[in-house]
Amino acid sequence: MDSLHIVGGKRLEGRIPISGAKNSALTLLPCALLTADKLTLGNLPRLADVDNFSHLLNGLGASTKIAGVKKGEFGRRMTLSAREIASTVAPYDMVRKMRASILVLGPMLARAGEATVSLPGGCAIGDRPIDLHLQALEALGAEIELAAGYVKATAPKGRLSGGEYSFPVVSVGATENALMAAVLATGRSQLFNAAREPEIVDLCNLLVAMGGKIEGIGSSHLIIDGVEGLNGCTYDVMPDRIEAGSYACAAGITGGSIELVGARPHDMLAITNALAAAGLVVEFTADGIRVTADKPLKPLAISTAPYPGFPTDMQAQFMAMLCMAPGESFLEETIFENRYMHVPELRRMGANIDVCGRSAIVHGVERMTGAQVMATDLRASMSLVLAGLCATGETEVLRVYHLDRGYERLEEKLQAVGATIERRTTG
Ligand code: UD1
């Protein structure tokens, strides 16, 4: 099992290339199921979840071919081809490992007229139901049955009809499934209160490049006119705003200066505004964004919200950084009910944090100390890496597989800006 060993206290300075967005890649990959043509995706991050997703697609009949990558090059290019859908079943074993597997439901249903996908169940950060995915697909004409832990969706007469659905709460995943299903329906669909995350815009842009007809891209009202078929294309995954934000926090917590090469400022305003409010200097450069901490951090009040609000995926990393801000910071998690699993581990490193339900108060401390720590999810693990970068002594972060799901070559990128961090494999 791998662990990361970090010796804290180094000021980080330099440039970090930002990889393709995990959350975007995992919604662009299932689009391969929507066409018999080849789909080539570039700037795909090299992540365990991308590999898992391509195995899932292989099981459904899609071939996946990775173009050669040069040594030291980040990202990769994959050509996917689903000439025929060989199976319409996404098994429990796959979905259990990776929640995003649920995103094959909409495209399989749209292309093959049926889809059977294991229900994902709970996860470390909360209950995470899929009722809205199913309601949206029903509104587009699907018939849904739940049995033996699986959801079976069928399009009567083999094709969805299209329809209207208003999301009672903003859901990124349900908006994605509904979009991928609606593009091949016979009629017009309208989605109200749809998610507006940049990753949804990336999905819409790919679907349009494949011949889909979508209006309202970037807004919460999406109008989709179904088409007879979609074509293949070549498309690059957008840069990862959460990875960029995480390394910005690394600059903040170490009093450093990092240029996030390739980061797109307009996708990240809630994050860059919060960084600036915490006292960091944020500059939009020709290559991306430079974040510099040249004075003590300031405490903040942050509440997570759907885009364009402050992302839930940045809450844990900001919490780690705010441990080093003198005074009291207030955090509220409005998206998930159980997303403070990093708090007990941060406390073991000397953090002073009170949690009450979905709210947390971070009392700034003068220093944190290295410890053996482990987290139960991806972003929580990153918050421990950040704490380790500024802690006195050595921090060992266990269960690195969480980080490997979402941060491409994490230790390499951090070493390049001066961090003392290495991966060790035991047993
Ligand atoms: C969510 C985040 C996304 C983040 C991802 C991984 C939001 C709006 N979504 O996306 O930014 O990248 O987690 O951390 O910030 N819900 C239901 N029924 C459903 C679907 C969702 O009740 O069928 C609820 C969820 O429990 C949650 C909220 O809606 O409280 C938003 O969930 P959703 O956006 O669907 O989750 P993800 O797509 O996983």
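Check the entry above for the structure.
Residues numbered from 1 in each chain as written. Predicted model: local features only at pLDDT ≥ 70, side-chain atom pairs only at ≥ 80, totals over all residues. Heavy atoms only, no water.

Peer 1: Go over unusual backbone geometry with me, naming the residues and quoting the values.
Peer 2: Cis geometry is found at the peptide bond from Tyr307 to Pro308, where omega equals 10°. Residues other than glycine seldom take positive phi values, yet Lys157 does so here, at roughly 60°. In this model, Arg399 sits at a positive phi of 55°, which is unusual for a non-glycine residue. In this structure, Arg399 sits in the loop between strand 23 (394-398) and helix 13 (401-404). For Arg399, a relative accessible area of 30% puts it in the partly exposed group. (Helix = DSSP H or I, 4+ residues; strand = E, 2+ residues; numbered from the N terminus. Buried < 20%, exposed > 50% of the residue type's maximum accessible area, 1.4 Å probe, protein only.)

Peer 1: Would you mind going over the packing of helix 4 (residues 105-112) against helix 6 (residues 172-182) in detail, with residue names and values included?
Peer 2: Orientation of helix 4 relative to helix 6, taken along the N-to-C sense of each, is 15°, at an axis distance of 7 Å. Of the possible angle classes, the one that applies to helix 4 and helix 6 is roughly parallel. As helix 4 runs across helix 6, the sense of the crossing is right-handed. When helix 4 is examined against helix 6, the residues Leu105, Gly106, Pro107 and Ala110 are found in contact with a partner set consisting of Asn177, Met180 and Ala181. (Axes fitted to C-alpha atoms, helices over the stretch in contact; angles between N-to-C directions. Parallel < 35°, antiparallel > 145°, perpendicular 65-115°, else oblique. Left-handed = near helix turned anticlockwise from the far one by under 90°. Contact = heavy atoms within 4.5 Å.)

Peer 1: Account for empty space enclosed by the protein, with residues named and values stated.
Peer 2: Empty space among the atoms becomes visible once a probe the size of a water molecule is rolled across them. Under the defined criterion, the tally for this structure stands at 1 cavity of 30 Å³ or more. Lining of the largest cavity is provided by Thr312, Asp313, Gln315, Ala316, Gln317, Arg339, Tyr340, Met341, His342, Asp377, Arg379 and Ala380. Mapped onto the lining of the largest cavity, the elements with two or more residues apiece are helix 10 (315-322) and helix 12 (378-390). If you tally residues by element for the lining of the largest cavity, the top one is helix 10, at 3 residues. When its residues are assigned to classes, the lining of the largest cavity shows 4 nonpolar, 4 polar and 4 charged. (1 Å grid on protein atoms, 1.4 Å probe; cavity = no way out; pocket = protein on both sides within 12 Å on 5 of 7 lines; lining within 4 Å. Points joined across faces, edges and corners; volume = space filled by probe spheres on them. Nonpolar A, V, L, I, M, F, W, Y, C, P; charged D, E, K, R; others polar.)

Peer 1: Explain the pattern of salt bridges to me, and be specific about the residues and the numbers.
Peer 2: Think of it this way: side chains of opposite charge can pair up when their charged atoms draw near. All told, the structure shown has 23 salt bridges when counted by the stated rule. Across the salt bridge formed by Asp287 and Arg15, the nearest N and O atoms sit 3.1 Å from each other. In this pair, Asp287 is assigned in the loop between strand 16 (281-284) and strand 17 (288-292) and Arg15 in strand 2 (residues 13-17), connecting sequence segments 272 residues apart. The partly exposed category is assigned to Arg15, whose relative accessible area is 45%. Where Arg264 meets Asp267, a salt bridge forms, and the shortest distance between an N and an O atom there is 2.8 Å. For Asp267, a relative accessible area of 6% corresponds to the buried category. (Salt bridge = Lys/Arg side-chain N within 4 Å of Asp/Glu carboxyl O.)

Peer 1: Tell me about the pairing of strand 8 (residues 143-147), and please be specific about residues and values.
Peer 2: Burial within strand 8 is sparse, with just 0 of its 5 residues counted as buried. In the sheet, strand 8 pairs with strand 9 (residues 150-154) via 5 bridges, with the strands oriented antiparallel. Across the sheet, the residue bridging to Glu145 is Lys152, located in strand 9. Between strand 8 and strand 9, which pair antiparallel in sequence order, lie 2 residues; one of them, Ala148, sits at a positive phi of approximately 50°. (Pairing = 2+ DSSP bridges.)

Peer 1: Quick one: what's the story with helix 5 (residues 131-139), residue by residue and with numbers?
Peer 2: Buried within helix 5 we find Leu132, His133, Leu134, Ala136 and Leu137. In this fold, the buried residues of helix 5 make contact with helix 4, strand 8, strand 9, strand 10 (164-166) and helix 6. Downstream of helix 5 by a residue or two, Gly141 has a phi angle that is positive, lying close to 115°.

Peer 1: Account for the layout of surface pockets, with residues named and values stated.
Peer 2: The computed volume of the second largest pocket comes to approximately 180 Å³. Lining the second largest pocket are 14 residues, with Gly252, Ile253, Thr254, Gly255 and Met324 sitting closest to its centre. Looking at the lining of the second largest pocket, the elements that each hand over two or more residues are helix 8 (241-254) and helix 12. Here the lining of the second largest pocket gets 3 residues from one element, more than from any other, and that element is helix 8. The class makeup of the residues in the lining of the second largest pocket is 8 nonpolar, 4 polar and 2 charged.

Peer 1: I'd love a proper account of the site of the ligand, names of residues and values included.
Peer 2: In the vicinity of the ligand there are 17 residues, among which Arg128, Asp131, Ser171, Asp313 and Ile335 approach most closely. Separating an oxygen atom of the ligand from a backbone N or O atom of Leu132 is a distance of 2.7 Å. Ser171 is positioned such that a nitrogen or oxygen atom in its side chain is 2.5 Å from an oxygen atom of the ligand. Summarising the interface, the protein chains cover 82% of the accessible area of the ligand, which totals 710 Å² for the free molecule. Of all the elements in the fold, those that place two or more residues in the shell around the ligand are helix 5 and helix 6. (Near = heavy atom within 4 Å. Polar contact = N/O pair within 3.5 Å; in protein donor to acceptor, adjacent residues only side chain to side chain. Areas by Shrake-Rupley, 256 points an atom, 1.4 Å probe, with all protein chains shown as cover.)

Peer 1: Let's hear about the sheet that holds strand 10: which residues, and what values?
Peer 2: The mixed open sheet is built from 4 strands, whose spatial order is 10-11-13-12. The sheet is open, and its two borders are formed by strand 10 and strand 12 (213-215), each paired with just one other strand. Neighbour-to-neighbour, the strand axes of this sheet turn through a mean angle of 15°, independent of strand direction. Sheet topology note: the strand 12/strand 13 (residues 222-225) ladder contains 3 bridges and is antiparallel. Directly across from Lys213, in strand 13, lies its bridge partner Asp225.

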